[in-house]
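# Survey of secondary and tertiary structure
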Amino acid sequence: FTPKNDQIKILYLYKQQQQQQQQQHTSQKLLKKAGVLLVQEQSNKVTERESTLNERVPPLKLSGLSVQELQELCKELHRKCDTVDEARYDIEAKVLKNEKELVDLNAKINELKGGKRPNLKRVKKSADAMLGALTEAKLSSKSDFKSNLKTVKKDKKEEEKVDPGDWRKNVESMSGMEGRKKLFNS
């Protein structure tokens, strides 16, 4: 290497190192900012919850109440709890119904699109293996042609009808021109 090449390499490595440090610094700043925002969001949720609870449910004043007034207050609170539970149940039923409709509609959409397609796995093959597979397919298609032909089976009844009997009689009956005529006629 010449001195210029070494200097270029050093400068390149120095720039690369500077870029990495800058990236680390910005990522650290982003993480700190995200942590601060998360803490703020959590504290906002807590204060919002407390304020809504104070609006909806005023604090109870139990001091100076008689037993009968406390019983009436308890009955009134039970009625309020019942109405809230009924409303919650109704809302849950509506949510479940809507979720079922969403699932059904998504299923219909998938059916219209052509159903779910399975995720295909990538198979790594070299070019030689792919060419080999193509040539094997061509060769196998030629050999498969003969194997795909239908085979004709002889009937067993015809085989059973032919009974050679005594071979000497067959030889004598087939000898000469008359025997050849029989072969030709049958």
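Keep in mind the model is a prediction, meaning the values are calculated, not measured. (Residues numbered from 1 in each chain as written. Predicted model: local features only at pLDDT ≥ 70, side-chain atom pairs only at ≥ 80, totals over all residues. Heavy atoms only, no water.)

### A short note on the overall build of the protein chain
- Tallying secondary structure elements over the protein chain gives six helices and zero strands in all.
- Taken from N to C terminus, the helices and strands of the protein chain fall in the order α-α-α-α-α-α.
- Out of the 186 residues belonging to the protein chain, those deemed buried represent 1%.
- In the form shown here, the protein chain has an accessible surface area of approximately 19,600 Å², with 58% of it arising from carbon and sulfur atoms. (Helix = DSSP H or I, 4+ residues; strand = E, 2+ residues; numbered from the N terminus. Buried < 20%, exposed > 50% of the residue type's maximum accessible area, 1.4 Å probe, protein only. Areas by Shrake-Rupley, 256 points an atom, 1.4 Å probe, with all protein chains shown as cover.)

### Digging into the pattern of salt bridges
- Using the criterion set out here, one finds three salt bridges in the structure.
- With its nearest N and O atoms 3.7 Å apart, the salt bridge here joins E76 to K80. With E76 and K80 both in helix α2 (residues 67–113) and four residues apart, this pair spans about one turn of that helix.
- The exposure class assigned to K80 is partly exposed, which follows from its relative accessible area of 48%.
- Between E92 and R88 there is a salt bridge; the shortest N-O distance is 3.2 Å. (Salt bridge = Lys/Arg side-chain N within 4 Å of Asp/Glu carboxyl O.)

### Quick look at a nonpolar patch on the surface
- Residues L60, L62, L65, L70 and L77 make up a contiguous nonpolar surface patch of roughly 390 Å² in combined accessible area.
- With respect to the secondary-structure elements, L77 resides in helix α2.
- Its relative accessible area of 33% is what places L77 among the partly exposed residues. (Patch = residues over 30% accessible without salt bridge, like charges linked within 9 Å, V, L, I, M, F, W, Y side chains within 5 Å.)

### Some details on the confidence of the model for the protein chain
- Chain-level statistics for the protein chain give a pLDDT mean of 79 and a share of 68% at 70 or above.
- Confidence, expressed as mean pLDDT per element, reaches its minimum in the protein chain at helix α4 (residues 156–161) with 54 and its maximum at α2 with 93. (pLDDT = per-residue confidence, 0-100.)

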